[in-house]
Amino acid sequence: MHLTELHIQNLRNIEAEQLVLAPGLNLFVGPNGAGKTSVLEAAYLLSHGGSFRTHQAEHLQRRGAEPLALFAQVRTDSLTRRLGLLRQGGRWTAKLDGDASAKLTDLFAACAVVCFEPGSHALISGSADGRRGFLDWGVFHVEPDFAPRMRRYRRALRQRNALLKQAAGDDELLIWDEELSQAAEPLATAREAYMARFERELIPLLDGYLPELGGASLRFRPGWNRTTPLGEALKEARSRDRALGHTTRGLHRADWNLGFAKAPSHEQLSRGQEKLCAIACVLAQVSVYRSVRGEDPVIAFDDLCSELDATHQAAALAALIESGAQILLTGTEIPSALFERFPAQRMFHVEQGRMREVL
Ligand SMILES: Nc1ncnc2c1ncn2[C@@H]1O[C@H](COP(=O)(O)OP(=O)(O)OP(=O)(O)O)[C@@H](O)[C@H]1O
Ligand SMILES: [Mg+2]
């Protein structure tokens, strides 16, 4: 899939810009603070409903301006869709092909954007939340029932946690243990299936990028011992959960980690090695998406050239460009060696929130 148009209104320092994008490599070049990352943020928001830079949406909205409005035209092999995302009065609303009653998840399902940016090393060394979010974005795009099932799970989790805090009786808790268990089992299976696919794509990439670390491995922890149903695990953990006031087993406790023969923990990786691991994860996610959906997601790469050494930049870009995916790439400057090897289809000069097409 690729974005043919991206309109941005009142996002960070961008007042109102309308971009026509090429299906291949699109470059955004300009000085610090110009608004380059904000363009990627716009595309990412349409696919995730949140930013890779902040959890607080009010920071996204241009100071003193409303509404924040994004529009994209997305072309897949079979159809073209029109996506709108609006934030007004602190609320997000979606529009899909003119239908203002579309759900946000309908919008996200229609638009797949993955991103590598300077903070992406947190995928390796940061909190489990980020890794679960990454995993679930992938599962969401291959498993049609993912979103409603996850909503059901979260509702049940909130109920159980509230009852734990109120010191409710065992009978009452049992109802929610069962509800959680029923909601969780298909999602845990879907996550495991996704992880198996992801691992097959990821390990050869890691071994290629980081041969000095010995063989790579991926470890997935589903959030409870899957040899028993979640309902039983919750029963076993009940007295501990009561003492802590929250649920200590379940999908919300899942995590995954990378290890290497010569660096079993991420604590032993350099920052650059963490970034290479994060790129490999993004590329593996692209491959899984492609193998299931038969097309590529859009790939946003922020400041690639300042993040990686020349060899790894070229290797990552070659892998991306050979995939045929649409790429949105930013930089304060694009090294000429890279530019000669990978000519851009479209280039924008970005300055003070304005984009000028230069190619
Ligand atoms: N809510 C906001 N309202 C107005 N301007 C904002 C808001 N949030 C951020 N900005 C400004 O918008 C610009 C955003 O820049 P962005 O991060 O997209 O720049 P960039 O071109 O990627 O820069 P760099 O090369 O430093 O990464 C900055 O100048 C920032 O100060
Ligand atoms: Mg930036």
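Each chain has its residues counted from 1, following the order in which its sequence is written. Chain labels run from A onward and ligand labels from 1 onward, assigned in the order the entries are written. Only residues with pLDDT of at least 70 are given local features in this predicted model, and only at 80 or more are side-chain atom pairs given and counted; all residues enter the totals for whole chains, interfaces and linings. Hydrogens are left out, water is left out, and the side-chain values use all remaining heavy atoms of the structure.

Engineer: Sorry, what's going on with empty space enclosed by the protein here?
Structural biologist: Buriedness for pockets is judged along seven lines, at least five of which must meet protein on both sides within 12 Å for an open set on the 1 Å grid over protein atoms alone, while cavities are sets there where a 1.4 Å probe fits but cannot get out, and lining residues have an atom within 4 Å of a point. Grid points are joined across faces, edges and corners, and a volume is the space filled by probe spheres set on the points. In this structure the tally under the stated criterion is one cavity of 30 Å³ or more. Here the largest cavity defines a volume of roughly 40 Å³. Lining the largest cavity, in full, are L25, L27, L317, L329, I334, L338, F339 and F342. Segments assigned H or I by DSSP are reported as helices when at least four residues long, segments assigned E as strands when at least two residues long, and all are numbered from the N terminus. When residues of the lining of the largest cavity are traced back to their parent elements, those giving at least two are β3 (25-29) and α12 (336-341).

Engineer: I'm lost on the packing of helix α9 (residues 271-293) against helix α11 (residues 310-323) in this one. Help?
Structural biologist: If you want to describe how two helices pack, look at the angle between their axes and the distance between the axes. Between α9 and α11, whose axes approach to 12 Å, the crossing angle comes to 10°. Here α9 lies roughly parallel to α11, going by the angle between them. Together, L276, I279, L283 and R290 of α9 and H312, A316, A319, L320 and S323 of α11 make up the contact between the two elements. Here the term charged refers only to Asp, Glu, Lys and Arg, the term nonpolar to Ala, Val, Leu, Ile, Met, Phe, Trp, Tyr, Cys and Pro, and the term polar to all other amino acids, Gly among them. Looking at the contact of α9 with α11 residue by residue, the class counts come to six nonpolar, two polar and one charged. To define axes, lines are fitted to C-alpha atoms, for helices over the stretch in contact only, and angles between the resulting N-to-C directions are given on a 0 to 180 degree scale. Every angle not falling under 35 degrees, over 145, or within 65 to 115 is termed oblique; those three ranges are roughly parallel, roughly antiparallel and roughly perpendicular. We call two residues in contact whenever any of their non-hydrogen atoms come within 4.5 Å of each other.

Engineer: Help me understand the environment of G33 in this model?
Structural biologist: Relative to the elements of secondary structure, G33 occurs in the loop between β3 and α1 (36-48). The class for G33 is exposed, based on a relative accessible area of 69%. Accessible area is worked out with a 1.4 Å probe on protein chains only. A residue is then buried under 20% of its type maximum, exposed over 50%, and partly exposed in between.

Engineer: Is there a simple way to explain the layout of surface pockets in this structure?
Structural biologist: Any empty space left between atoms is shown by rolling a water-sized probe over those atoms. Roughly 1500 Å³ of internal volume is contained in the largest pocket. In this structure, the largest pocket is lined by 46 residues; those nearest its centre are H48, D129, G130, G133 and F134. Listed by contribution, the elements that provide at least two residues to the lining of the largest pocket are α1, α2 (104-109), β7 (113-116), α3 (122-125), α4 (128-142), α5 (146-165) and α9. Tallying contributions element by element places α4 first for the lining of the largest pocket, with nine residues. Within the lining of the largest pocket, the residues separate by chemical class into 21 nonpolar, 16 polar and nine charged.

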